[in-house]
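Close look at the chain arrangement
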Amino acid sequence: MHWIAPTEKDAAATSLEKRLWDAADQLRANSGLKAQEYSGPILGLIFLRFAEVRFAARRRKLEAAGASSRRGSRVDEPTAYHAENVLYLAPEARFDHLLTLPEAADIGGRLNAAMREVEKHNPQLAGVLPKTFNLFTGTLLKELLKKISEIPATLDFDAFGRIYEYFLGEFAMSEGQGGGEFYTPSSIVKLLTEIIEPFHGRILDPACGSGGMFVQSARFVAEHQQNPAAELAICGVEKTDETGRLARLNLAVHGLEGDIRHGGNVNSYYDDPHNATGAFDFVLANPPFNVNAVDKERLKDMVGAGRRFPFGLPRTDNANYLWIQLFHSALNARGRAGFVMANSASDARSSEQELRQKLIEARAVDVMVAVGPNMFYTVTLPCTLWFLDRGKARTKRADTVLFIDARHIYRQVDRAHRDWTQAQIGFIANLVRLYRNDPPDLTVGGAETAAKLKEVFGQNGKGEPAYADVPGLCKAATLAEIEAQGWSLNPGRYVGVAPGEEVSDEDFKTQLESLNEELEGLNAQARELEQTIAANVAGILGA
């Protein structure tokens, strides 16, 4: 199925976040600073502006209450702010105070001191805020403070979060390959959350980057008229200390708190700081693909039923199936996971095929979505979205897996980047709901999504769309069909091509890559057999 949405350049060009980014980026270009030197302090200033807006609103309420209270005013008591999930800001740490400082006042030193003050009065942010403002000239800091003060104090909190996320995304693009280590594009994350539906419970991301999976989960809850802080318990692991601090700051900007373990020697392959096995309702992740040199000797005691690697360790030097098992084993009996994975994992042979077969036979794989190229800022390669559901085994769909080919559903943002529109996200998510026999949810996509669902799936007697296999788009394959395909989880093997459509160059390349991987696997097995036969013959002749 082909659905290419028109580019919306004009709307993006006039947005507040784009105007702020363009101004900040211009200032950086004139400063001689590298993107990674610039990103932390800029995000820190956006955070401080956000914190001040919430602080000022709470302070006004406390002043009004103090005027009529016998207890007197509580405007300078940090606990009065913390009780409402608001950060307390000492006078010298307030954005408006810093904005009025003259250039000669060592603004960099004052900003570093302000960040320390914020951490002192709000322990959950200890060690998180940037303190490298001394790299900037006073003139540059003055300009940046002025530019960020243009964010209206009337802006709602979610809009502040969107500005922060926009800057994260732009920094990810400007940092090239390294940017992909901390940022997953928001349309990918939104589809993951729409399909696993994290309404309530404990949520884990063991490769959490800057925390985008948590923020999108909270937004999903808020869009369904609930309080995310009350509904979700957030747990994350991040190997890189600086990125872990970004995640904690991202949560704070969105009014959330979480248990993010980062830095030091924490590593999700070897460490389990959240005692995750069987403990989570939801897992969301975009782990690093095709990692090698993991020390499997250190993992041997974590293998077996009820442990972190229940199906065994891959013999190949590739960590994809270590991650997949970590996500699966962290789920409780009804838990759901959604994660991004390299295409090669869907078809990998040898020991990885054996592990994939066990996962499929456990009735844990629910949905597989093929995603086209250029959806990520830092790599052009296509990928696959995996969805696990530990509760699926007790449903009518226990012996099927839904395959969706979304490679030709996208919006072309610019020459090198694609994303999904809200209507496209809503369409794919509701396709899954139809398959699960759940009612459609048009919170995302609205009328455009509803129209597309009826166009593609028609209507039943009640005037509602009903799931059916659609060539070129989706197929609910049985376990027998999957076994016949060598336990492949590649959607292209099942969905096929729509009538009248030709195989595109992109599809041909994907098929050729898949066949080449299969050939390499068979050649490797042939070499192993050759060595075994030679050893057996030598043993017989030498006897």
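What this report covers is the structure whose coordinates are included nearby. (Residues numbered from 1 in each chain as written. Predicted model: local features only at pLDDT ≥ 70, side-chain atom pairs only at ≥ 80, totals over all residues. Heavy atoms only, no water.)

A closer look at the nonpolar core
Condition: As used in this record, nonpolar core signifies buried Ala, Val, Leu, Ile, Met, Phe, Trp, Tyr and Cys residues forming a set joined through side-chain atoms within 4.5 Å. Throughout, exposure labels follow a simple rule: accessible area from a 1.4 Å probe, protein chains only, divided by the maximum for the residue type, with under 20% read as buried, over 50% as exposed, and the rest as partly exposed. Per the convention used, a helix needs a DSSP run of H or I reaching at least four residues, while a strand needs a run of E reaching at least two, with both numbered from the N terminus. Here, residues are in contact when the closest pair of their heavy atoms is within 4.5 Å.
One finds Tyr 38, Phe 47, Tyr 81, Val 118, Leu 144 and Phe 167 to be the most contacted residues of the largest nonpolar core, which totals 59 residues. Contributions of two or more residues to this core are made by α2 (16–29), α3 (35–67), α4 (78–82), α5 (95–99), α6 (107–121), α7 (138–148), α8 (157–174) and α12 (241–253). The element that contributes the greatest number of residues to this core is α3, accounting for 12 residues. Those residues in contact with Leu 144 that sit more than four places away from it in its chain are Ala 24, Leu 27, Tyr 38, Ile 42, Leu 45 and Phe 136. Core analysis: the next-biggest nonpolar cluster, separate from the first, contains 50 residues, Leu 256, Leu 385, Ile 425 and Val 444 among them.

A word on the sheet that holds strand β1 (residues 3–5)
Our working definition: When DSSP finds two or more bridges between two strands, those strands count as paired. Helix axes are fitted only over the stretch in contact, all axes being lines through C-alpha atoms; the angle between N-to-C directions runs from 0 to 180 degrees.
Reading across the sheet, the 3 strands line up as β1-β10-β11 and stay open at both edges, with mixed pairing between neighbours. The open sheet has two free edges, formed respectively by β1 and β11 (417–419), since each of these has just one partner strand. Taken over all neighbouring pairs, the strand axes of this sheet differ in orientation by 35° on average, direction set aside. With 3 bridges connecting them, strand β10 (residues 409–414) and β11 associate as antiparallel partners. When the bridges of β11 are listed, Gln 412 appears paired with Arg 418.

Overview of the pattern of salt bridges
Counted only if it meets this: Definition used for salt bridges: Asp or Glu carboxyl oxygen within 4 Å of a side-chain nitrogen of Lys or Arg.
Scanning the model with the defined rule gives 27 salt bridges in all. Here Arg 315 ties to Glu 354 by a salt bridge, and the two come within 3.5 Å at their closest N and O atoms. Taken together, the positions of Arg 315 in the loop between β5 (280–285) and α13 (320–330) and Glu 354 in helix α15 (residues 351–361) put the pair 39 residues apart, joining distant regions of the chain. Accessibility expressed as a relative area gives 40% for Glu 354, which makes it partly exposed. Between Asp 366 and Arg 436 there is a salt bridge, and its shortest N-O distance comes to 3.0 Å.

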